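Report on the structure
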Number of protein chains: 2
Amino acid sequence: MSTEHVPAALDVPALRRALDGDHHAVRDEVRALLSRPEFDRSDVAGLDRDAYRDRVLDWTRRVARTGATMRGYPPEVGGGGDVAGFIAGFETFAFGDLSLLVKIGVQFGLWGGAIQNLGNAGQRQEYLPQIGSLDLPGCFAMTERGHGSDVQALRTTATYDPVTAEFVIDTPDDQASKDWIGNAARHGREAVVFAQLVVGGETHGVHALIVPIRDEETDEALPGIRIEDCGDKLGLQGVDNGRLWFHGVRVPRTALLDRFGAVDAEGVYSSPIESSGRRFFTMLGTLVQGRISVGGAAVSASKSALTIAIRHGLDRRQFEDPEGGEVALMDYLGHQRRLLPLLATSYALSFAQQDTVAALDAIVRAGDDEDVEQQRRELEPRAAGLKAIATWHGTQTIQECREACGGAGYLRDSGFAALKADTDVFTTFEGDNTVLLQLVGKTLLTGFRDDFGNLSPLGTAGFVAGQVLDVIVERTAVRQVLGALSDVLPRREDEERGLERADQLELLREREEHLVSRVAQRLRAGVKEGRDPFEVFSYCQPHLLAAARSHVDRFVLESFALRVEREEDVGTQAILDRLCDLHALRTIEKERAWYLEHGRLSGGRAKEITRRVDRLCHVLRPHAAGLVDAFGIPDEVLCSRIGGREVDGERW
Amino acid sequence: MSTEHVPAALDVPALRRALDGDHHAVRDEVRALLSRPEFDRSDVAGLDRDAYRDRVLDWTRRVARTGATMRGYPPEVGGGGDVAGFIAGFETFAFGDLSLLVKIGVQFGLWGGAIQNLGNAGQRQEYLPQIGSLDLPGCFAMTERGHGSDVQALRTTATYDPVTAEFVIDTPDDQASKDWIGNAARHGREAVVFAQLVVGGETHGVHALIVPIRDEETDEALPGIRIEDCGDKLGLQGVDNGRLWFHGVRVPRTALLDRFGAVDAEGVYSSPIESSGRRFFTMLGTLVQGRISVGGAAVSASKSALTIAIRHGLDRRQFEDPEGGEVALMDYLGHQRRLLPLLATSYALSFAQQDTVAALDAIVRAGDDEDVEQQRRELEPRAAGLKAIATWHGTQTIQECREACGGAGYLRDSGFAALKADTDVFTTFEGDNTVLLQLVGKTLLTGFRDDFGNLSPLGTAGFVAGQVLDVIVERTAVRQVLGALSDVLPRREDEERGLERADQLELLREREEHLVSRVAQRLRAGVKEGRDPFEVFSYCQPHLLAAARSHVDRFVLESFALRVEREEDVGTQAILDRLCDLHALRTIEKERAWYLEHGRLSGGRAKEITRRVDRLCHVLRPHAAGLVDAFGIPDEVLCSRIGGREVDGERW
């Protein structure tokens, strides 16, 4: 790695093309749309809750009128058959008002997505055009008050009544009420309701049904349905989250979304998937698009924050410089260290996101073909892990950027008030990050063999007693012996260990392999000692979470490294290469204690990594302005007094 | 350290007495006051900005009527002469509405404090009673738009006119306008204005003057004064921050706060402090009380967040347990790891805060005695460093706690919306944390010899060329040789190195000494190589900030360790001892990469620290409820739907 190979001037349009990827035209459409005066959001903080919600509904209608909201749906219902394009648009909407973003996600992604993924051809034909046009606003009613993350345990029931050929939906108690349901409090007329399906006294696990909830004329809840507003939130006040209770609500047999489980006219249940566990996870798998979308939105939000903070850091001068002038904040290594590694990681996550979206798109295009099953299983933990890491990156980046702007960042017109408040829930909705990482960890242990997504930790601890851990432990035994040795004897070769791309990748891979095999060993040892399975699991949980993180770190770097190799423009490749170095070395630097503890890096080498990160900050500093310009966030959309390209009429 | 020595049951009142310290009566008074219905704050988020500001003014009047607001002022003006008591009360107000807290800080701490610390006896007599009663609301007008952190460079002028024996106050341009001034936008009638004092054409540096700004009858700005509202902020909407411009505003000669610099009737300037640099830093030293107060408030806010999150974690059950029931979130080691080390650090910071407040109190009581000068110089970096570390701890803890509460934490009634938004500015006001740590770092280098508080990095880089670095380098040379050796040869004794209290302290001390001496060496080397001083400084800045952090880490642990030793109740001592272990070992764990890189810990020992932190979380888990009960935050004051002692009518 030569830190010097950076072009003197940045080709910002080329860099932007790299970031925008295949769907640059979609992104530009959204940029143009959001730049129009009717999408101005400078006054929304002053609106009361209902007015803000209505504004968001109006914006969503305007978006629907462009037709872009049908982009992800199948061609046979008039859609674009382009999930990747839909997500690219969604990511771009995340540069603007985030209540609008979430409303789009709720209506077209969740409500529409559930019908797209769980419904049959007739249901898709009947519903998707009305949903895409926003003629039929609806809800995705999965989460219950008592079970935010443990969907398999949800307790709403849909009991089949063979006499009338109807399902009867019931909320057994308050803990089973549906909570946090977007569109429920005000605008939604129907809902996809997730419930335990009971047919002939037998429970077949969680299924989804379409249930009308609100009268179109009167806006009142329909009989048997109780609706409550979730009330004021920390942010996203323009989204009408609500709670739902069902008491003996009857829907026809055909209301069941029956792609993965149907009840025929004779009242007989059948499913193409035999195992009820696997069926459940296949259905949950339809959440994957939501998770990928949220992860992408978090990356976009991190770009808004970095755009503001880096431009402010270039504009704001403090203290004298040797010539008697003043020094830009961005000229301090401390300030560069705060912002530039986060910038590099936003680039890294953008490319990992592109690859993940492409994988989803390929699966959706393939339809029900047998051979996408394996790809689907591989995508799910990837989506879960990337969502967790991307949303934490968003939260951390926005906070660091707010502080880097000092008092100016604390004024509402800087944009940070909305950015902070609206994104804060990203880390805990669409799957709590900790729970998601736990799922990733479990998948790593089972080698994708088991059904992905068993949310119960005991499900994890339980299988500890099985054979699978023995296989993992054996598989990695050779490496372990080497690892154990290196713990005792500092490996001389570490001193010469390079820090080039191949070495960066190898370091991340080693860490992942070691963490996964060690946690398997620990789980197995705990069970063999006869300890309580929950205790064994709880004791290993932090280790399992670290393993999951290391897995995400690895594939994010792989995506970025591959993207650098593929870049054809020499200058753009050089700058991406340096950003990739900064991202990789900063990732390793943060985890260097682990590498030192396990003899994978010597003390001298670890210090060298710190020096290289410093050096890369210094090398990239002159390009800071161009690196955020390449995010391509129009001033009107960014809506920040201190973050626009033109500040005080001056351009640096 | 035996992790087992914890009493079966916690004596919560005894623990609370330890936390409340000498001023427990003051704290209880504030708890009782804030619990009264008229201080209910559950509706403030719904108020518009002006109504909220007026509510806060009304609350502040009620507080003033208790007389508590005079507690910190000297007895000769009718005050309590009890600065420590005033701050203890202030810290307790931080459990309630934070706009009220900041208003109290602005009026009684900053506006009153400036007159108390910079004024003469007559000025104190004239002003403090009216300020303490809130009959005269006023401002502390220091910060300028162009110079948030570099006060020495501020550009407002106060030019003496010998003809009329008046000072003429002028704002030369917009960059010199006063910004962020609390009480300015709405309620303040006078202001302490910091300006460059010009007498007979000679500039004597920054001084403070009392300047009327607003007409009592009309509420209009007085002639020559322009006032602008800062407008909407990210939080603290109940505080009326504003901007001020002065154009030829005339005040009498006696408006100068002349404790450290006076102009006599003949128009001759004199000061008890010869060096204008030292004079400036002595005046700035009066900011120390504000910084200590903000640090204490941040610790209180972290306690509010932990109270909510830990109670929620005990209440909220997820997934099944082996007996078929469900497991409390707090039973997961991952959840304990998230919250309990932060809890231990909130305890640690409470005791460090108590010691810091006691030191300030002693200095204020001593008055102008010569021998408090050294104590004052030692207190200032301590206050600056503790403020930085405590406010970052607050921000981090509140965020972690919000996420640990999932969706429930995102509802406004959880309390996190206000906690997050209102505390967010703590890290950048009353001295930006990075700038403050830089000051601490510089003081460590100079050994308190130089004037504390030179905010210019070039001031730091400049002195690099001086003799002082040679002394530091020499002073630590012996240790360096040992350190260098241990970098090469892993020290066998590290394997046996204990992790008891003495070892914990030694580890933190070693780190501080090493970092300070190394940064001195690096600065010296940079200058000897003839490099540009700013570049040398910038290059070493992250290192200097790390040194400053390590200094704070060390004295915080020392405070806690001493407090554990002094505790007379055996059971309370045992629990504090474990909390102190958890805080100390977590601090070392976070920095273990450094210890490994420098051969101060072996890989095996570092891993042992991680195991001990896990074990301590497990040991303290059964006491989690009592440990937050001991913070003593009444439900009415905490104002959180999910954080009260009584949730759903049940007590765990």
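Residues numbered from 1 in each chain as written. Chains lettered and ligands numbered in written order. Predicted model: local features only at pLDDT ≥ 70, side-chain atom pairs only at ≥ 80, totals over all residues. Heavy atoms only, no water.

Digging into the nonpolar core
Nonpolar side chains tend to gather and get buried jointly when the protein is soluble and globular. Filter applied, for reference: Residues belong to a common nonpolar core when they are buried Ala, Val, Leu, Ile, Met, Phe, Trp, Tyr or Cys residues joined through side-chain atoms within 4.5 Å. For every residue, the accessible area obtained with a 1.4 Å probe (protein chains only) is divided by the maximum for its type, and the residue is called buried under 20%, exposed over 50%, and partly exposed between those limits. The contact criterion used is simple: two residues touch if any of their non-hydrogen atoms lie within 4.5 Å.
Judged by nonpolar contacts, the single largest core of 344 residues is most densely connected at Tyr347 of chain A together with Tyr347 of chain B. Once you skip the residues sitting within four places of it in the chain, tyrosine 347 of chain A turns out to touch Leu15, Leu19, Phe560, Leu576, Leu579, Leu627, Ala630 and Phe631 of chain A.

Focus: the sheet that holds strand S7 (residues 225-229) of chain B
All names here are of chain B. The criterion, for reference: Strand pairing requires that DSSP identify at least two bridges connecting the strands. Strands are runs of DSSP state E lasting at least two residues, helices are runs of H or I lasting at least four, and both sets are numbered from the N terminus onward. Only the stretch in contact is used when a helix axis is fitted, and all axes are lines through C-alpha atoms; the angle between N-to-C directions ranges over 0 to 180 degrees.
Here we have 3 strands laid out as an open sheet, ordered S4-S8-S7, and antiparallel in their pairing. Edge positions in the sheet fall to strand S4 (178-181) and S7, since each has one partner strand and no second. In this sheet, neighbouring strand axes are inclined to one another by 25° on average, regardless of whether the strands run parallel or antiparallel. Direction of pairing for S7 relative to strand S8 (residues 242-246): antiparallel, over a ladder of 5 bridges. Bridging across to S8, aspartate 229 finds its partner in glycine 242.

Looking at the relation of the copies chain A and chain B
For clarity, the threshold we go by: Superposing copies: least-squares fit, C-alpha atoms only, residues required to have pLDDT of at least 70 in both.
Note on the identical chains: chain A maps onto chain B by a rotation of 180° and an axial translation of 0.0 Å, with an RMSD of 0.0 Å. In symmetry terms, the pair is related by a two-fold rotation axis. When C-alpha distances to the rotation axis are compared across chain A, the minimum falls at alanine 593 of chain A, with a value of 2.1 Å.

Here's the deal with the side chain of aspartate 581 of chain B
What counts is decided by this rule: Polar contacts here mean pairs of N or O atoms no more than 3.5 Å apart (in protein, one a potential hydrogen donor and the other a potential acceptor; neighbouring residues in sequence count only if both atoms are side-chain atoms).
Tracing the backbone through its elements, the reader meets aspartate 581 of chain B in helix H20 (residues 570-590). Here the side chain of aspartate 581 of chain B touches arginine 501 of chain B through a polar contact of 2.6 Å, side chain to side chain.

A word on the packing of aromatic side chains
Operational definition: For Phe, Tyr and Trp, rings pair up if their centres lie within 6.5 Å, where Trp contributes its six-membered ring, and each pair is then called stacked (planes under 30 degrees apart), edge-to-face (over 60) or tilted (otherwise). Geometrically, a charge over a ring is one whose NZ (Lys) or CZ (Arg) sits within 6 Å of the ring centre while staying within 35 degrees of the ring normal.
One pass over the full model with this rule turns up 22 aromatic pairs over all chains. Each residue in the set Tyr332 of chain A together with Phe534 and Phe537 of chain B is aromatic and connected to the rest through ring pairs, giving one cluster. Arginine 531 of chain B extends its terminal NZ or CZ atom over the ring of tyrosine 539 of chain B, reaching a point 5.0 Å from the ring centre.

Focus: the interface of chain A and chain B
Spelled out, the test is: Once two parts are joined, some of their accessible surface, as seen by a 1.4 Å probe, is lost; buried area is that loss totalled over both. The salt bridge criterion pairs a side-chain nitrogen of Lys or Arg with a carboxyl oxygen of Asp or Glu, the two atoms within 4 Å. Residues are grouped as follows: Ala, Val, Leu, Ile, Met, Phe, Trp, Tyr, Cys and Pro are nonpolar; Asp, Glu, Lys and Arg are charged; all remaining types, including Gly, are polar.
Listed as interface residues are 77 residues of chain A and, on the opposing side, 77 residues of chain B. Taken together, the two surfaces of chain A and chain B that pack against each other cover about 6200 Å², and 55% of this comes from carbon and sulfur. Where chain A touches chain B, the interface holds 8 salt bridges. Here arginine 592 of chain A makes a salt bridge to glutamate 597 of chain B, at a shortest N to O gap of 2.5 Å. At the surface where chain A touches chain B, the tally comes to 30 residue pairs in polar contact (both at pLDDT 80 or more). Looking at the side of chain A that touches chain B element by element, the count peaks at 6 residues for helix H19 (residues 533-566) of chain A. Broken down by class, the residue content of the side of chain A that touches chain B amounts to 29 nonpolar, 22 polar and 26 charged.

Remarks on the confidence of the model for chain A
All names here are of chain A. Stated formally: Values of pLDDT, the confidence the predictor places in each residue, fall between 0 and 100.
Of the residues in chain A, 88% reach a pLDDT of 70 or more, and the chain-wide mean stands at 89. With pLDDT under 50 throughout, residues 448-458 is counted as low confidence; its partners more than four residues away or in other chains account for 48 contacts. This model gives residues 647-652 a pLDDT under 50, and the stretch forms 15 contacts once residues within four places in sequence are excluded. Two summary scores accompany this predicted model of the complex, namely pTM at 0.93 and ipTM at 0.92.

Structural notes on the pattern of salt bridges
All names here are of chain B. Following the criterion strictly, the structure yields 102 salt bridges over all chains and no others. Arginine 55 is paired through a salt bridge with aspartate 43; the nearest N and O atoms lie 2.8 Å apart. On the criterion of sequence distance, the pair formed by arginine 55 in helix H3 (residues 49-65) and aspartate 43 in the loop between helix H2 (24-35) and H3 is long-range, its members being 12 residues apart. For arginine 55, a relative accessible area of 21% translates into the label partly exposed. Look at aspartate 43 and you get partly exposed, because its relative accessible area is 33%. Salt-bridge contacts for aspartate 577 lead to arginine 578; the nearest nitrogen and oxygen are separated by 3.0 Å. What makes aspartate 577 partly exposed here is its relative accessible area of 22%. Assessed through its relative accessible area of 3%, arginine 578 is described here as buried.

Describing H2 of chain B
Residues and elements named next belong to chain B. Under the convention used in this document: In this analysis, the expected span of each helix is defined as 1.5 Å times one less than the number of residues it contains. Each C-beta atom gives one direction from the helix axis, and the arc is the one those directions make.
Taking 1.5 Å per residue, 12 residues should reach 16 Å; H2 reaches 16 Å between its end C-alpha atoms and fits that length. Of all the residues in H2, the buried ones are Val26, Arg27, Val30, Arg31, Leu33 and Leu34. Angularly, the buried residues of H2 cover 165° about the axis, an arc narrow enough to put them on a single face. In this structure, the buried residues of H2 make contact with helix H1 (12-20), H3, helix H4 (83-93), helix H5 (98-118) and helix H24 (635-638).

Digging into the pairing of strand S3 (residues 166-170) of chain B
All names here are of chain B. Alignment of strand S2 (residues 157-161) against S3, held across 5 bridges, turns out to be antiparallel. Looking at the pairing, alanine 158 lines up with isoleucine 169 of S3. Here S2 folds back onto S3, and the loop between the two strands holds 4 residues, one of which, alanine 165, carries a positive phi near 55°.

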